[in-house]
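What the coordinates show
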Amino acid sequence: MDIVQRPLGTRWTPSTTAQEVGTGIDLSGRLAVVTGGTSGLGLETVRVLSMLGAHVIATARSTGAASALQGMAHVETAQLELSDPGSIDGFTSWFRARGKPLDLLILNAGIMAAPLTRDQFGNESQFATNHLGHFRLAVGLWPSLREAMGARIVSLSSRGHQIGGFDLEDLGFEKRPYNKWLAYGQSKTANSLFAVAADARGQRDGIRAYSVHPGSIVGPLARHLTTEEIAGFGALSEDGSPVIDPATDKKTFAQGAATTVWCATSADLQEIGGVYCENSDIASVEREARKGVRPYAIDSMIAHSLWEKSVELTGGDVS
């Protein structure tokens, strides 16, 4: 286990917003890519990074979603479908042809609790989209990250990793009965382990990686859930609107994006990487409490094994 996986004691709270975290930070001249950047947490992340001066490329499944970004300075959109290797390779080729270093890669997009479907290679859809798609994207953009000489990768995990069920020998649910929540938890564990392995490989090139729990937020990620399922989590008030109570992890998009922006910009993390963060601080290691990170989600040996498996499944790696 990484010995730096312990809280720093920052001044931020669960109520802190992304804009507050960014106060006084100048990202002029920096280039960022945010997947799923046209709605929800991704949209708020794009808004704040651009407000701080960064040029941001917000990706979406459809370029028709660009209307959400109207009026934002230094922002452009690009089509990217994380479940389609051809789309990912097309995007990385397009980006690298620009000849610019990539300072920030925010792996924000994802799906949750989806019914069982598989990609063209037979990979379960949540693992394929949330992890393998982002793995392929990061590997494809690695030369541009290296050129930045101080790049950061932020991978959105969640407390969903605490569901457990991570099985390197059955990532596709071919041996186990499919359970949409176990599959989601497995993909979120993979997002955290990716940050551990990416950071270990990137340090020599000045690339640091982090994983993030943004909070429990009712948004586009819940599109596969019924109203009854969402209400079962205590996430809806009597009038059907989302409950906002940061003290119990129920946040707005502005509050949820805070930890992403903190990981992307904080000087506190200058010499630290590979850690799982929440509430704009490094999270504590917890074995049972409904907070923090489980030991298996930051285990360097499991992270290395997952990286090797991901190389096998995607055919891509960093040199």
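Residues numbered from 1 in each chain as written. Predicted model: local features only at pLDDT ≥ 70, side-chain atom pairs only at ≥ 80, totals over all residues. Heavy atoms only, no water.

**Overview of unusual backbone geometry**
- Positive phi, close to 65°, is recorded for histidine 74, a residue that is not glycine.
- Relative to the elements of secondary structure, histidine 74 occurs in the loop between β2 (55–60) and β3 (75–79). (Helix = DSSP H or I, 4+ residues; strand = E, 2+ residues; numbered from the N terminus.)

**Some remarks on the pattern of salt bridges**
- According to the stated counting rule, one finds 12 salt bridges in the structure shown.
- Note that arginine 136 and aspartate 89 form a salt bridge whose closest N and O atoms lie 3.7 Å from each other. Placement of the pair is arginine 136 in helix α4 (residues 125–147) and aspartate 89 in helix α3 (residues 85–97), with a sequence separation of 47 residues.
- You can call aspartate 89 partly exposed: its relative accessible area is 34%.
- The salt bridge partner of arginine 208 is aspartate 199, with a shortest N-O separation of 2.8 Å. (Salt bridge = Lys/Arg side-chain N within 4 Å of Asp/Glu carboxyl O. Buried < 20%, exposed > 50% of the residue type's maximum accessible area, 1.4 Å probe, protein only.)

**Topic: the environment of glycine 53**
- Topologically, glycine 53 is positioned in the loop between α2 (40–51) and β2.
- In the structure, glycine 53 is positioned 57 residues away from glycine 110 in sequence and 26 Å away in space, judged by C-alpha atoms.
- Leaving out residues up to four positions away in the same chain, glycine 53 has contacts with Leu27, Ser28, Gly29 and His74. (Contact = heavy atoms within 4.5 Å.)

**Section: the side chain of aspartate 119**
- Secondary-structure assignment places aspartate 119 in the loop between β4 (104–107) and α4.
- For the buried aspartate 119, which has no salt bridge, the nearest side chain bearing the opposite charge is arginine 118, at an N-O separation of 7.5 Å.
- Here asparagine 123 takes part through its backbone nitrogen, which lies 2.8 Å from a polar atom of the side chain of aspartate 119.
- If sequence neighbours within four positions are ignored, aspartate 119 has contacts with Ser83 and Ala128. (Lys, Arg positive; Asp, Glu negative; His and termini not counted. Polar contact = N/O pair within 3.5 Å; in protein donor to acceptor, adjacent residues only side chain to side chain.)

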